[in-house]
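# Residue-level structural notes
These are the residues of each chain, in order.
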Amino acid sequence: MEAVAARLSHLDPQAGGVIRVVMFYDTLMRRRVDLAALARASAGLAECVAGIRLSGTGRVVRVAPDGRPASASPSPASSSAPITLDEEEIGTVWLERPGPPNPLDDVLLDRLAIAAAAVVERYGPARTTMADPALIELAISSGSDEAARARALRLLGFTADLPVHVVAVRSRLPLDRIGGLVCPARLVKAAPLAGVGVLLAAGVDPSRFPAGVRAGIGAASGPGRSWREARTALRFTTPRRPVVHYDELGAVALLAQVPREAARDNADVAAIARMAGNPDDLETLDAYCETGSLRRAADLLHLHHSSVARRIEQIGKALGVELTEPTGLVRARLALTAWRLLDD
């Protein structure tokens, strides 16, 4: 390669320089240098400040051409490139060249980004959120033996002392973005599985789920059972209650075990199905079941409470249920929930 670079330098200085840059970084990768050494070598090669930033950890390395840490006040980057791992952007590399970019800066940054991704992957679990779906499935499958499950979790970065929370997600947003939002400072892995997004996280903040996301959160300590609970909780989500923790369901979770035909044949559920053709009535009943109060339902619907009272009276007659009585309200809640569970 040295001979090829020398010959190319006589014919095409640019091509020879490109090969020398590639060889330079290949050598660094073979030596298994860390990020600090990689930044020092790059700054020396570029003869200007070189920087590396990892998004997941917030770590920043800036080195001057003399190999010392650069000053606290960075200059604007003259050129930069993303660091990608498993098709996910995990950071940035850049050069702070005071003058115009060098003709080889793009090549240098490209190889620096590749080398930085290799360093991140080598020293500890990958900092990417997206993971191999096969590993995720092995970690949460009820059919996995404990040894295989433990190995899968270890490969995903979850050590034996690290808690694992399982979340089932339906959303048009990228899973890695959702994972980063709900678990910003701790380990989180994600993968699509059988039409449902799966998050494995060391911690979950339910308040951080973005709008439009439906999520069910498992409660069990074991990933296998927690995944089953998360899928069940996901079935109970609604536009007004987009995030459901399995623990919050209590005995209501038993409705998920009712056979579909039995639910369809129930008179209360059938009445809800007939009423579903009128969105206003369905929304009114939903608000009333959610709050248990005419006035609070009126606040949710932005209507006068007397208007809501008239609607509830008419809906009760159509359902054959006295909705203002505690027993009638319970029947309506159960029927509405069972009807929703028919639509997965």
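The structure under discussion appears in the preceding block.
If you're wondering where the values come from, they're calculated on a predicted model, not measured in any experiment. (Residues numbered from 1 in each chain as written. Predicted model: local features only at pLDDT ≥ 70, side-chain atom pairs only at ≥ 80, totals over all residues. Heavy atoms only, no water.)

## Focus on the sheet that holds strand β2 (residues 60-63)
Operational definition: Here the rule is simple: two strands pair whenever DSSP picks up at least two bridges between them. Strands are runs of DSSP state E lasting at least 2 residues, helices are runs of H or I lasting at least 4, and numbering of each runs from the N terminus. Every axis corresponds to a line fitted to the C-alpha atoms, with the helix fit spanning only the stretch in contact, and the corresponding angles, defined between N-to-C directions, vary from 0 to 180 degrees. Contacts are residue-level and defined by heavy atoms, with any inter-residue pair within 4.5 Å sufficient.
Taken in spatial order, the four strands make up an open sheet running β2-β1-β4-β3, and their pairing is antiparallel. Each edge of the sheet is formed by a strand with only one pairing partner; in this case those strands are β2 and β3 (79-85). Each neighbouring strand pair of the sheet contributes to a mean axis angle of 15 degrees, computed without reference to strand direction. In this structure, strand β1 (residues 49-54) lies alongside strand β4 (residues 88-96), joined through six bridges in antiparallel fashion. Pairing of A50 across the sheet is with L95, part of β4. Each of β1, β2 and β4 is contacted by helix α3 (residues 35-46), which is oriented at about 150 degrees to β1, the strand it contacts most.

## Comments concerning the sheet that holds strand β6 (residues 188-193)
Judged by pairing direction, the sheet is mixed, and its five strands sit side by side in the order β6-β7-β5-β8-β9 without closing on themselves. Each having just a single partner strand, β6 and β9 (243-245) make up the two edges of the open sheet. Recorded for the sheet is a direction-independent mean angle of 20 degrees between the axes of neighbouring strands. Here four bridges tie strand β5 (residues 165-170) to strand β8 (residues 214-217), and the two strands are oriented antiparallel to one another. Within the sheet, the bridge partner assigned to A168 lies in β8 and is G216. On top of the sheet, helix α8 (residues 223-235) reaches β5, β7 (196-201), β8 and β9; it is set at about 30 degrees to β5, its chief contact.

## A look at empty space enclosed by the protein
We count it as follows: Put plainly, a pocket is an open set of points on a 1 Å grid over the protein atoms alone with protein on both sides within 12 Å along at least five of seven lines, a cavity is a set where a 1.4 Å probe fits but cannot get out, and a lining residue has an atom within 4 Å of a point. Grid points are joined across faces, edges and corners, and a volume is the space filled by probe spheres set on the points. Amino acids are sorted into nonpolar (Ala, Val, Leu, Ile, Met, Phe, Trp, Tyr, Cys and Pro), charged (Asp, Glu, Lys and Arg) and polar (every other residue, Gly among them).
Per the stated rule, a full pass over the model turns up two cavities of 30 Å³ or more. For the largest cavity, the calculated volume is near 50 Å³. Forming the walls of the largest cavity are D268, A271, I272, L319, V321, L323, R331, A332 and A335. When contributions to the lining of the largest cavity are tallied by element, the ones reaching two or more residues are α11 (267-275) and α15 (326-341). Grouping the amino acids of the lining of the largest cavity by side-chain chemistry returns seven nonpolar, no polar and two charged. Considered as a void within the structure, the second largest cavity measures approximately 30 Å³ in volume. Considering the residues around the second largest cavity, the lining is formed by L28, M29, R32, V33, L38, A115, A118, V119 and R122. Those elements that place two or more of their residues in the lining of the second largest cavity are α2 (13-30) and α4 (105-122). Broken down by element, the residue count for the lining of the second largest cavity peaks at four residues, all from α4.

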